[in-house]
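# Survey of secondary and tertiary structure
Each chain, written out:
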Amino acid sequence: RGQRGGRGGQLSLISVPVSALKSGLKLTDDQAKKIEEIQKKTRADLRALRQPGQQQTPEDFQKMRELNTKATKEIEALLNDEQKKAAPALVKEFSSFALVGLPITILESLKLTDDQKKKILEIADKTQKEMAALTPEERRQKGRELRQSSREEASKLLTDDQKKILEKAQQEAQQRRQRNNNNGN
């Protein structure tokens, strides 16, 4: 959840960690610094709209969309033509890895082989197609089952060392969620 643009939202240039964008788009240090500033400001602005214990209004959601759109345009304005062209495919690839349970933040340290990447992206693509075929009513339960199945399938492609990296990241994410839940109460 923490890897997406809000709960259940899609990955975007705003939600992809700068380190991943930097290596994937070959950003300069200056571009990375400016993008990080945009992301931080946007996260703070979005957080300000999410008041614990309060139901969000349609106006809140509209403001969030506007903030995301504005930040995306600001980030895109910093990219050269080649980077702009590569960005959508990179974000889609990161979304696919996230769908099968591989957080963007650890992709580099996993050192996936080209064959592993290809097979994992095939699993994600198959899962996305299966989920798209579901009705909204089916999506909640069946979608959860499909995501879990794709995570298990992708995990089988990892080496023992890669699985240890993933397990550590999952434990850290679980601890963060618990801390955040405790702070929100």
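Residues numbered from 1 in each chain as written. Predicted model: local features only at pLDDT ≥ 70, side-chain atom pairs only at ≥ 80, totals over all residues. Heavy atoms only, no water.

### Observations regarding the packing of helix α1 (residues 18-25) against helix α2 (residues 29-49)
Where α1 contacts α2, the axes come no closer than 10 Å and their chain directions differ by 145 degrees. Where α1 crosses over α2, the handedness of that crossing is right-handed. Residues Val18, Leu21 and Lys22 of α1 pack against Asp29, Ala32, Ile35, Glu36 and Gln39 of α2. Across the contact of α1 with α2, the residue classes break down as four nonpolar, one polar and three charged. (Axes fitted to C-alpha atoms, helices over the stretch in contact; angles between N-to-C directions. Helix = DSSP H or I, 4+ residues; strand = E, 2+ residues; numbered from the N terminus. Left-handed = near helix turned anticlockwise from the far one by under 90°. Contact = heavy atoms within 4.5 Å. Nonpolar A, V, L, I, M, F, W, Y, C, P; charged D, E, K, R; others polar.)

### Overview of unusual backbone geometry
The backbone of Lys26 shows a phi angle near 55 degrees, a positive value even though the residue is not glycine. Among the secondary structure elements, Lys26 is positioned in the loop between α1 and α2. The backbone of Lys111 shows a phi angle near 50 degrees, a positive value even though the residue is not glycine. Secondary-structure assignment places Lys111 in the loop between α5 (104-110) and α6 (114-132). For Lys111, a relative accessible area of 65% translates into the label exposed. (Buried < 20%, exposed > 50% of the residue type's maximum accessible area, 1.4 Å probe, protein only.)

### What about a positive patch on the surface?
Together, Lys40, Arg43, Arg47 and Arg50 line one region of the surface with positive charge. Relative to the assigned elements, Lys40 resides in helix α2. (Patch = residues over 30% accessible without salt bridge, like charges linked within 9 Å, V, L, I, M, F, W, Y side chains within 5 Å. Areas by Shrake-Rupley, 256 points an atom, 1.4 Å probe, with all protein chains shown as cover. Salt bridge = Lys/Arg side-chain N within 4 Å of Asp/Glu carboxyl O. Lys, Arg positive; Asp, Glu negative; His and termini not counted. Charge placed at Lys NZ, Arg CZ, Asp CG, Glu CD.)

### What about the nonpolar core?
Judged by nonpolar contacts, the single largest core of 39 residues is most densely connected at Val16, Leu21, Phe94, Leu102, Leu112 and Ile120. The set of elements that each furnish at least two residues to this core consists of α1, α2, α3 (58-78), α4 (81-99), α5, α6, α7 (136-155) and α8 (160-184). In terms of residue count, α4 provides more of this core than any other element does, seven residues in total. Not counting residues within four places of it along the chain, the set of residues in contact with Phe94 comprises Leu11, Val16, Ala20, Ile104 and Leu107. (Core = buried A, V, L, I, M, F, W, Y, C linked by side-chain atoms within 4.5 Å.)

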